[in-house]
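Remarks on the overall topology
So you can see what is in the structure, the chains are spelled out below.
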Protein chains: 4
Amino acid sequence: MALSPEQIAEIEALRCAPSETLRPSVAALEAILFKPFPALDHGFVRVIDYMGDDSAIVQAARVSYGRGTKKVHEDKGLIRYLMRHRHSTPFEMCEIKFHIKLPVFIARQWIRHRTANVNEYSARYSILDREFYIPAPDQLAQQSKVNRQGRGEVLPPDQAAKVLDILREDAQRCYAHYEEMLDPDGLNVARELARMNLTLNTYTQWYWKIDLNNLMHFLSLRVDAHAQYEIRAYAEVMMEILKAWVPKTAEAFKDYRVGAYMFSASMLSVLRRQLQGEAVTVENSGLSKREWQEMQDALQGG
Amino acid sequence: MALSPEQIAEIEALRCAPSETLRPSVAALEAILFKPFPALDHGFVRVIDYMGDDSAIVQAARVSYGRGTKKVHEDKGLIRYLMRHRHSTPFEMCEIKFHIKLPVFIARQWIRHRTANVNEYSARYSILDREFYIPAPDQLAQQSKVNRQGRGEVLPPDQAAKVLDILREDAQRCYAHYEEMLDPDGLNVARELARMNLTLNTYTQWYWKIDLNNLMHFLSLRVDAHAQYEIRAYAEVMMEILKAWVPKTAEAFKDYRVGAYMFSASMLSVLRRQLQGEAVTVENSGLSKREWQEMQDALQGG
Amino acid sequence: MALSPEQIAEIEALRCAPSETLRPSVAALEAILFKPFPALDHGFVRVIDYMGDDSAIVQAARVSYGRGTKKVHEDKGLIRYLMRHRHSTPFEMCEIKFHIKLPVFIARQWIRHRTANVNEYSARYSILDREFYIPAPDQLAQQSKVNRQGRGEVLPPDQAAKVLDILREDAQRCYAHYEEMLDPDGLNVARELARMNLTLNTYTQWYWKIDLNNLMHFLSLRVDAHAQYEIRAYAEVMMEILKAWVPKTAEAFKDYRVGAYMFSASMLSVLRRQLQGEAVTVENSGLSKREWQEMQDALQGG
Amino acid sequence: MALSPEQIAEIEALRCAPSETLRPSVAALEAILFKPFPALDHGFVRVIDYMGDDSAIVQAARVSYGRGTKKVHEDKGLIRYLMRHRHSTPFEMCEIKFHIKLPVFIARQWIRHRTANVNEYSARYSILDREFYIPAPDQLAQQSKVNRQGRGEVLPPDQAAKVLDILREDAQRCYAHYEEMLDPDGLNVARELARMNLTLNTYTQWYWKIDLNNLMHFLSLRVDAHAQYEIRAYAEVMMEILKAWVPKTAEAFKDYRVGAYMFSASMLSVLRRQLQGEAVTVENSGLSKREWQEMQDALQGG
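Everything numeric in this text was worked out from a predicted model, so none of it was measured. (Residues numbered from 1 in each chain as written. Chains lettered and ligands numbered in written order. Predicted model: local features only at pLDDT ≥ 70, side-chain atom pairs only at ≥ 80, totals over all residues. Heavy atoms only, no water.)

1. Looking at the domain arrangement of chain A
This is how it is decided: What marks off one domain from the next here is an automatic or database domain assignment.
Assigned domains of chain A: these are domain 1 (5-133 + 201-258), domain 2 (136-200) and domain 3 (265-300). Here the C-alpha centroids of domain 2 of chain A and domain 3 of chain A sit 44 Å apart.

This is the structure in structure tokens:
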């Protein structure tokens, strides 16, 4: 993660200038505000601003449900209840803003989540840095044999070395040509054109602002074992940030979303038979092989 | 505006408990945080939380446009530039949360703006207060003759008195029956059913959270002279809050949105002829009567 | 359901004017296009237009996943796979447009789903019909003792009669006053004001257009046993329409959403113990009483 | 534009299989349904499906405004009125679905419009074609001197040739390495990794579905002279499709959006002085130099 001395100084300056506020504040999040957490070889995630805390969720729920709620539920219980019953609007009352540096091919996957606000560094307007994502050797994997969109075995060292050479050299050559095209005393090509020569592992950066409900939806998809490693690396950093920000919500989220499994109507009827002592097999389950396997994984996992 | 002593005490307590934050704070908004501003006879608007300030917009724009921006633009100039060229994403980086009390028929109009987060008081779950909107006599107007969805002349005093009597009595009778139906020792009707007997001027309340870009879109439609008075009353309070929160943005908004007028291609060609000294009339303008009138209003207004 | 002779004639005319199209068409949906299906006492749901079918979902998935998909999956299997793994974007490729007549208090609940396009009859501009929702006696229930937002026992006949009298008389009186206020030769009050005197069971109507993914989200919440009966009545009509429109999707939806249950991480660990023969009780389950009960209901239900 | 013989045959087959529908159909759009319109060197836009027509907009507006509307407005006049007064919801009642092939760096710009549904070809799952965008020589321009995100002079032929060589060779070398990495009998790298070696001018494709209101917002930004040429090329094709689909709306859109200009409050006051015969100059206008220039351009343009 390459922060310029200028950026480090700016962060230090921001961290030395507290002000007073009447808004809810979260000490554990203030402690890490503006600080970059590394992800991949040059990427990072840092929190730039936030609104609300666990109590703001409770407060919003109580506006909806009125006076009676207070007696019935403690905060933690109410948050668990809201999460379990998929009451999404109270969680929308919290908002967080990140500054993220990430490779372009991951940014393309990420932006498919349309429910966030984004300001990305513009390569029409400015010049991208000479930084590319080059995977660590233990992340260089073969195409999976069972999953068309997944990874299988790690590459043998000599093959890995060969791949890394390709990635490094192509990225560098393309970037050198990008610079050559941009040279104001040379070809002086418009930035909006020259950028098309860059490879997809070039780093970009953006501000990304999202409400807590949509953040959890993003995280539930992206911390999943089926998510691509390179986006999961970011999601895992953000899970830690979630715990610092809204610890009660993060705990309920882990129980009811991340570690949960949705049993279909057919799976529920298999379960019922099993709990009554029947030895159900894939053949007499009424499930497809794939569903059966997924159900077994859910029951054995954890 | 009827706040209960309990609520007033709660607000006082919140206003006495500042904490330290590294986030951007806005002194002028902190000064009014949690305080209710009256709207209509029993309604209010109060700010519950906020994220960002004028500088956060500039900062987001500079992430997009990179290093070069700083030299070119001062903050104020950059904000005006963004507003003029309809660059919406930097304004999305700010967020504000309101607590609003408003009549149901206005809530129905308001919620057509779908880009906000809402937690409304639930009449399935809780009991609504005995509070109805009864217009001030100078707001009791006849149906407009020229505008199918507008108001014309103010009602003569005796007719106004009659209307007020109707509104007051019907609302009170319906509410009394609502209470009678809810009585746990009497009919004990389910809340989700009993509520259907209330009139549309009954007050409800909600938390309403929105980003600055969408807030300005809402305000540009709802401070407009064609907006219904009862929603404009809220929009005008929120315009004042906007000035306290993001003064540079509020100023640019006033110039480029609220006080602005969009000339169509046909109107532009009329303008060109007029500026060359031609005496264009509605007949030779190529505009419809209505368009011509709107254009004249825009040119004479202000 | 009161359709005017004019409206019936218009529907007949539309149904007699087929045209040729190259777009995918669904015979079972064409057979009911424009026809109103009753809901509650005066409400209805009718399909006005649609885009796409089961094949359009498959086609979109195959754009995403490329050539290889065709061999691997049959259409039905692919749709089940997409549903099970919560791949939402292929379902967004289908769209449907409804014309719905419904009581205002249900419209208020309905519109909280913000992901649809809505054009509602405007009571600022036009005059609402004299139609109110009056529940059938077997739907007139007491407040639930266990669920703060639910219904309990049906009201005894004499009490039900009393409630129906209240609802009917208040709605009629308020409507009569509405008409009196609107009378152009009398008080001539502006429509945007007079409407506030109506009760919340007055019928309104709207066009409501939504993509299939968001429609299923709406239906999963609103066909649920915890949804208010009055909105469930509409959702159930729409479930039948779903079956006519996209039968394969509707079947997968029933299995993986409507009849499914999400087991939390804690519940999964209880399940594992049970399947290994342990007699888990609420006390040693680690679940709250409420969660335990919900889990038992899911296991016994169906 | 390279369609495979297979794809051409598929389109032909679809175009030979009309069915009957009661839905509104648009003959001019049926005539081009499924047909690809070229954009850039290998890209295309084709319409896959649509919902609604000019009449559907009018019909939705009439649901909102009720019976009275019919007499007051003819269809064309009503559409112009809705457009002029920014009534967006009736236009949301129409929907269109495109299949688009475009370079990755343009896809990244395009997807910032978040209000559409997208299914993109997945390079995690499948293998991208060997197709790159190489600009035509007359589109190879220098960096603009006045606009940090624009183009200036066209490059001299020898420099253009050099740039084209760079773009072509880098794209080809990177793609050859991509294939080498993917080779199942060779390095056999996972697709989700290998793709990062491709250059940003590689073509991708997607299904893109959007309502008419948001489509017009997209087009108003992307047919603008300040939009990058490579996305404008697509927007211009889509403008032609708009005319075939909803001709009345397209005409109003051209008058009130594409050819229109928003005068700020300050500009309006300059206009007033000019129309009264005053010779206003940039110095005494109260406008910045840039605003003055933009206003003059608007008044002289067309």
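Here the narrative resumes, following the displayed structure.
2. A few points about the relation of the copies chain D and chain A
For clarity, the cut-off: For the least-squares superposition of copies, only C-alpha atoms count, and only for residues with pLDDT at least 70 in both. Only heavy atoms matter for contacts: two residues are in contact if any of them lie within 4.5 Å across the pair.
In the superposition of chain D on chain A (RMSD 0.0 Å, axial shift 0.0 Å), the rotation amounts to 180°. On this basis, the relationship between the two copies can be described by a two-fold rotation axis. In terms of proximity to the rotation axis, the leading residue of chain D is Thr199(D), whose C-alpha is 2.1 Å off the axis. A shared binding surface is used by both copies, with 100% of the interface residues of chain D retained as interface residues in chain A.

3. What about the UniProt feature "active site" (unreviewed entry) in chain A?
Heads up, the rule is: UniProt positions are given in the numbering used here, feature names are shortened, and annotations may be inferred rather than shown by experiment. Where helices and strands are cited, they refer to DSSP runs of H or I of at least four residues and of E of at least two residues respectively, numbered from the N terminus.
UniProt tags Arg222(A) as "active site" (unreviewed entry). Tracing the chain through its elements places Arg222(A) in helix H9 (residues 212-222).

4. Brief notes about the UniProt feature "binding site: FAD" (unreviewed entry) in chain A
Those places that UniProt annotates as "binding site: FAD" (unreviewed entry) correspond, in this numbering, to Thr89(A), Arg112(A), His113(A), Arg114(A), Glu120(A), Asp211(A), Leu212(A), Asn213(A) and His217(A). The named residues occupy 129 residues along the chain; their greatest pairwise C-alpha distance, 27.5 Å, places them well apart from one another. In contact with Thr89(A), not counting residues within four places along its chain, are Val118(B), Asn119(B) and Arg112(C). Structurally, Arg114(A) can be placed in the loop between helix H6 (104-110) and strand S5 (117-120). When residues no more than four places from it in sequence are discounted, the contact partners of Arg114(A) are Glu92(C), Arg114(D), Ala116(D) and Asn117(D).

5. Quick look at the packing of helix H10 (residues 229-245) of chain C against helix H11 (residues 247-258) of chain C
Residue and element names in this part refer to chain C. Selection rule: Fitting a line to C-alpha atoms yields each axis, with helices limited to the stretch in contact; the angle taken between N-to-C directions then spans 0 to 180 degrees. In this scheme, roughly parallel covers angles under 35 degrees and roughly antiparallel covers those over 145, while 65 to 115 is roughly perpendicular and the rest are oblique. The nonpolar class holds Ala, Val, Leu, Ile, Met, Phe, Trp, Tyr, Cys and Pro. Asp, Glu, Lys and Arg form the charged class, and all remaining residues, Gly among them, are polar.
At a minimum axis distance of 5 Å, the contact between H10 and H11 shows a crossing angle of 130°. In terms of orientation, H10 lies oblique with respect to H11. Together, Met-239, Leu-242, Lys-243, Ala-244 and Trp-245 of H10 and Pro-247, Ala-250, Phe-253 and Val-258 of H11 make up the contact between the two elements. Looking at the contact of H10 with H11 residue by residue, the classes come out as 8 nonpolar, no polar and 1 charged.

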